[in-house]
Amino acid sequence: MAFHFERPAGFAFDAGQNVQLTLVDPPETDSQGASRPFTLASAPHEPDLMIATRMRDSAFKRVLKSAGLGLKATIDGPNGVMVLHEDTARPAVFLAGGIGITPFLSMARHAAKHRLAHRIHLFYSNRRPEDAAFLDELRALEKANPNYRLIATMAEAEKSSRPWSGETGFIDRQMLERHLPDLPSPVYYFAGPPAMAMAMQSMLADFGVSENDMRSEEFYGY
Ligand SMILES: Cc1cc2nc3c(=O)[nH]c(=O)nc-3n(C[C@H](O)[C@H](O)[C@H](O)COP(=O)(O)OP(=O)(O)OC[C@H]3O[C@@H](n4cnc5c(N)ncnc54)[C@H](O)[C@@H]3O)c2cc1C
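All residue numbers here refer to positions counted from 1 along the written sequence of the relevant chain. Given that this is a predicted model, residues contribute local features only at a pLDDT of at least 70 and side-chain atom pairs are listed and counted only at 80 or more, while totals for whole chains, interfaces and linings are drawn from all residues. Side-chain numbers come from the whole structure's heavy atoms, not from hydrogens or water.

1. Re the site of the ligand
Move 1: What surrounds the ligand is a group of 20 residues, the closest being P37, T53, S58, K61 and Y222.
Move 2: Identification of polar contacts relies on pairs of N or O atoms within 3.5 Å, with a donor-acceptor requirement for protein atoms, meaning one able to donate a hydrogen and the other able to accept it, and with residues adjacent in sequence counted only if both atoms are side-chain atoms. Between the ligand and K61 there is a distance of 2.7 Å, counted from an oxygen atom to a side-chain nitrogen or oxygen.
Move 3: Here an oxygen atom of the ligand sits 2.8 Å away from a polar atom, N or O, in the side chain of T102.
Move 4: In short, Shrake-Rupley with a 1.4 Å probe defines the accessible areas, and a residue's cover is counted only from the protein chains shown. Taking 960 Å² as the accessible area of the ligand by itself, protein coverage stands at 74%.
Move 5: When residues are sorted by character, Ala, Val, Leu, Ile, Met, Phe, Trp, Tyr, Cys and Pro go into the nonpolar class, Asp, Glu, Lys and Arg into the charged class, and all the rest, Gly among them, into the polar class. Its residues placed into classes, the shell around the ligand shows seven nonpolar, seven polar and six charged.
Move 6: Domain segmentation is taken from an automatic or database assignment of domains. Two domains share the shell around the ligand, each providing at least three of its residues, namely domain 1 (2–79) and domain 2 (92–218). If a single non-hydrogen atom of a residue is within 4 Å of a molecule or strand, that residue counts as near it.

2. Topic: the sheet that holds strand 5 (residues 73–79)
Backbone hydrogen bonds hold the strands of a sheet together, and the pairing may be parallel or antiparallel.
Move 1: What the three strands build is an open sheet, ordered 3-2-5; its pairing is antiparallel. Two strands lie at the open edges of the sheet, namely strand 3 (35–39) and strand 5, each paired on one side alone. Adjacent strand axes in the sheet meet at a mean angle of 25°, parallel and antiparallel pairs treated alike.
Move 2: Sheet topology note: the strand 2 (residues 18–23)/strand 3 ladder contains five bridges and is antiparallel. A pair of strands is treated as paired once DSSP finds two or more bridges between them. Put simply, DSSP H or I for four residues or longer makes a helix, DSSP E for two residues or longer makes a strand, and each gets a number counted from the N terminus. Between N-to-C directions, angles span 0 to 180 degrees; the directions come from axes that are lines fitted to C-alpha atoms, helices contributing only their stretch in contact.

3. A word on unusual backbone geometry
Move 1: The linkage connecting G77 with the following residue, P78, adopts the cis geometry, with an omega of 5°.
Move 2: Structurally, the position occupied by P78 is in strand 5.
Move 3: With a phi angle near 50°, D25 is a residue other than glycine that sits in the positive phi range.
Move 4: Along the polypeptide, D25 turns up in the loop between strand 2 and strand 3.
Move 5: Its identity as a non-glycine residue notwithstanding, R115 has a phi of 50°, on the positive side.
Move 6: Within the element layout of this structure, R115 appears in the loop between helix 2 (102–113) and strand 7 (120–126).

Put into structure tokens, the structure is as follows:
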């Protein structure tokens, strides 16, 4: 689900950054409290702040889900280093697992809006197409930005009711090699649940990518 918040006056952030979101006087809380970090999935040029999350049965998400208009929350931030590098000669390779797509949605919207010169390759892994948040929009952005490509992959395409003719299986070295031309020193970004983030880190290290050329966010709790 996506949630849109009014943007506080003067609040600025870079595409890909996150905030600590705290519910004000929520009707219930649990042992994890009333705060969670969330990436701002909207882009900086948009009027609202949008977060997108995989719904689970925590008190925090029950409150979000049942809230009507006017829910009050505070934000601390922006935080995080998942922002696009400055050197446009270096391509960006984004590796997203599930709801780990949020920083890349923000960056892809930002890059299209401002016609950034970076070449961007977004690998987006999900179980099935129906689980893949923002898939249609991420595909449509290819038309808006000729420097951007989406490579979506489904790990359980056979369990889907929708036809799927794209990549299947997890993101791995062979998949990167199939889709990435001989790129001049890309910067790699990855975000997703801890198991996915760990797998991407060790795959890139095996690939010979230096820590300096990796930026990541681990979405614990999944
Ligand atoms: C920088 C950052 C950005 C994020 N952006 C998004 C986003 O855009 N969308 C999204 O859906 N989620 C995002 N997350 C994850 C999000 O903050 C929640 O953890 C997640 O949504 C699970 O929340 P929950 O209420 O469902 O479960 P919770 O009730 O929060 O707990 C689930 C489990 O996570 C464990 N846990 C809680 N805090 C920590 C911790 N600090 N370290 C390790 N384990 C912990 C708990 O012990 C529990 O077992 C982000 C996390 C980080 C760090």
